[in-house]
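# Geometric and topological summary
Spelled out, the chains give:
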Amino acid sequence: MSARLIDGRAAAEALRGRLAITADFFRATTGRPAGLATVLVGEDPASAVYVRSKIKATEEAGMHGLHHPLPAETSEAELLALVEQLNRDDAVDGILVQLPLPAQIDAARVIDAISPEKDVDGFHVVNAGRLAVGAEALVPCTPLGCLHLLKSEIGDLSGANAVVIGRSNIVGKPMASLLLGESCTVTIAHSRTRDLPEVCRRADILVAAVGRAEMVRGDWVKPGATVIDVGINRVPGATGKTRLVGDVAFAEAREVAGAITPVPGGVGPMTIAMLLRNTLVAAHRRAGLKAPEDL
Ligand code: NAP
Ligand code: L37
């Protein structure tokens, strides 16, 4: 039997429609649009594509996108000065510094310089800590998008065995925190995990965030499980061009899973929708307004 396809593109479009209504309400109430500042250092081609999509989606939702492209040789001090300026700018509700940063810049120092109230990526230690203790936090966009897809597919997640492969601060760890918050029994797997296929076979919910093309095979998947593929890997395609594949061997896994996200068109579009959501949440909080409950 073939798994249901979880259509992240459609889910993101629906969410962006609702966000646009809230963005209009915010603009009407405060007399200014919610503002997102993006910073891209250097010319990493994938990052350039993602940041361009983020700005475009911001504008389409009726918010203000301010892009700051910086040369690859930018010093840490120069980047920190820009972050400080954006922290003080009242028109800016969200600040996103796209990673990875060039080697001369310490990413952790830059992230920690972002005002936690404007940290729409949810990477600041204050937001990571708030998420870990279950307090109100700005939560990283990719795991937030995964959770949205899981809830719309499954409904109540409580009691499910969830396995997250990957323990990065951007995806794996916050994903595990969110699933724990939904009362899943959570296992975090990583490069030192013993017998990963066997660990995965116990998962009712399997989230793969590794960065290794098609690592998760069909026989690693429990029959009927829900599979969320976060991986974005470029591999050589048939016609000499590159194509995108996830961390899951899709053709195999879809024969076993109950539901599965494709790559592209799965988690990626949700990441962008959740960035708009976080920007609106930050804007409402800064303006002393209550954001809609279901945002
Ligand atoms: P990352 O920082 O490189 O982390 C990868 C994780 O995978 C690490 O925890 C690593 O374990 C683990 N790992 C590596 N090889 C493994 C193996 N053979 N078996 C088990 N675990 C292994 O990557 P990331 O930033 O979390 O991103 C993960 C993937 O998601 C990438 O493909 C990235 O492009 C993609 N991504 C997609 C979106 C989206 O919106 N769709 C957003 C962000 C990232 P150790 O900790 O032990 O090294
Ligand atoms: N803020 N975002 C921030 N900081 C980072 O350090 N890595 C990272 C990050 N990641 C990020 O923006 N990821 C991301 C990944 C994929 C998409 C968007 C954002 C996306 O739109 N993916 C499309 C395909 C795009 C393509 O053709 O390349 C998809 O359908 O999956």
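Use the structure listed above.
Rules used in this analysis
Residues numbered from 1 in each chain as written. Chains lettered and ligands numbered in written order. Predicted model: local features only at pLDDT ≥ 70, side-chain atom pairs only at ≥ 80, totals over all residues. Heavy atoms only, no water. Helix = DSSP H or I, 4+ residues; strand = E, 2+ residues; numbered from the N terminus. Polar contact = N/O pair within 3.5 Å; in protein donor to acceptor, adjacent residues only side chain to side chain. Contact = heavy atoms within 4.5 Å. 1 Å grid on protein atoms, 1.4 Å probe; cavity = no way out; pocket = protein on both sides within 12 Å on 5 of 7 lines; lining within 4 Å. Points joined across faces, edges and corners; volume = space filled by probe spheres on them. Nonpolar A, V, L, I, M, F, W, Y, C, P; charged D, E, K, R; others polar. Near = heavy atom within 4 Å. Areas by Shrake-Rupley, 256 points an atom, 1.4 Å probe, with all protein chains shown as cover.

### Focus on the side chain of Asn 87
- Among the secondary structure elements, Asn 87 is positioned in helix α3 (residues 76–88).
- For Asn 87, the side chain forms a polar contact with the main-chain nitrogen of Ser 115, separated by 3.0 Å.
- With residues near it in sequence (within four places) discarded, Asn 87 still touches Ile 95, Ala 113, Ile 114, Ser 115 and Lys 118.

### Regarding empty space enclosed by the protein
- For the structure shown, the criterion picks out one cavity of 30 Å³ or more.
- If you add up the space inside the largest cavity, you get close to 40 Å³.
- For the largest cavity, the full set of lining residues is Ile 95, Leu 96, Val 97, Ile 111, Ile 114, Asp 119, Asp 121 and Phe 123.
- Among the elements that make up the lining of the largest cavity, the one with the highest residue count is strand β4 (residues 94–97) (three residues).
- By residue class, the composition of the lining of the largest cavity is six nonpolar, no polar and two charged.

### Brief notes about the site of ligand 2
- Not every one of the 17 residues close to ligand 2 is listed here, only the nearest: Lys 54, Leu 99, Asp 121, Arg 234 and Gly 265.
- At 2.6 Å from a nitrogen atom of ligand 2 is found a side-chain nitrogen or oxygen belonging to Asp 121.
- Expressed as a share of its isolated accessible area of 660 Å², the protein-covered part of ligand 2 is 79%.
- Looking at the shell around ligand 2, the element that brings in the most residues is helix α10 (residues 267–286), giving three residues.
- A class-by-class count of the residues in the shell around ligand 2 yields 10 nonpolar, three polar and four charged.

### Here's the deal with the layout of surface pockets
- Looking at the second largest pocket, its volume works out to about 870 Å³.
- Around the second largest pocket, the lining is made up of 35 residues, and of these Ala 137, Val 139, Leu 144, Arg 277 and Leu 295 lie nearest the centre.
- Elements supplying a minimum of two residues to the lining of the second largest pocket: α1 (8–30), α5 (125–132), α6 (141–154), α7 (172–181) and α10.
- Residue contributions to the lining of the second largest pocket peak at six residues, all from α10.

### Some thoughts on unusual backbone geometry
- Cis geometry marks the peptide bond from Leu 99 to Pro 100, where omega comes out at 0°.
- The omega torsion across Val 263 and Pro 264 is -5°, close enough to zero to call that bond cis.
- Looking at the secondary structure, you find Pro 264 in the loop between β11 (259–260) and α10.
- Although it is not a glycine, Asp 195 adopts a positive phi angle of roughly 50°.

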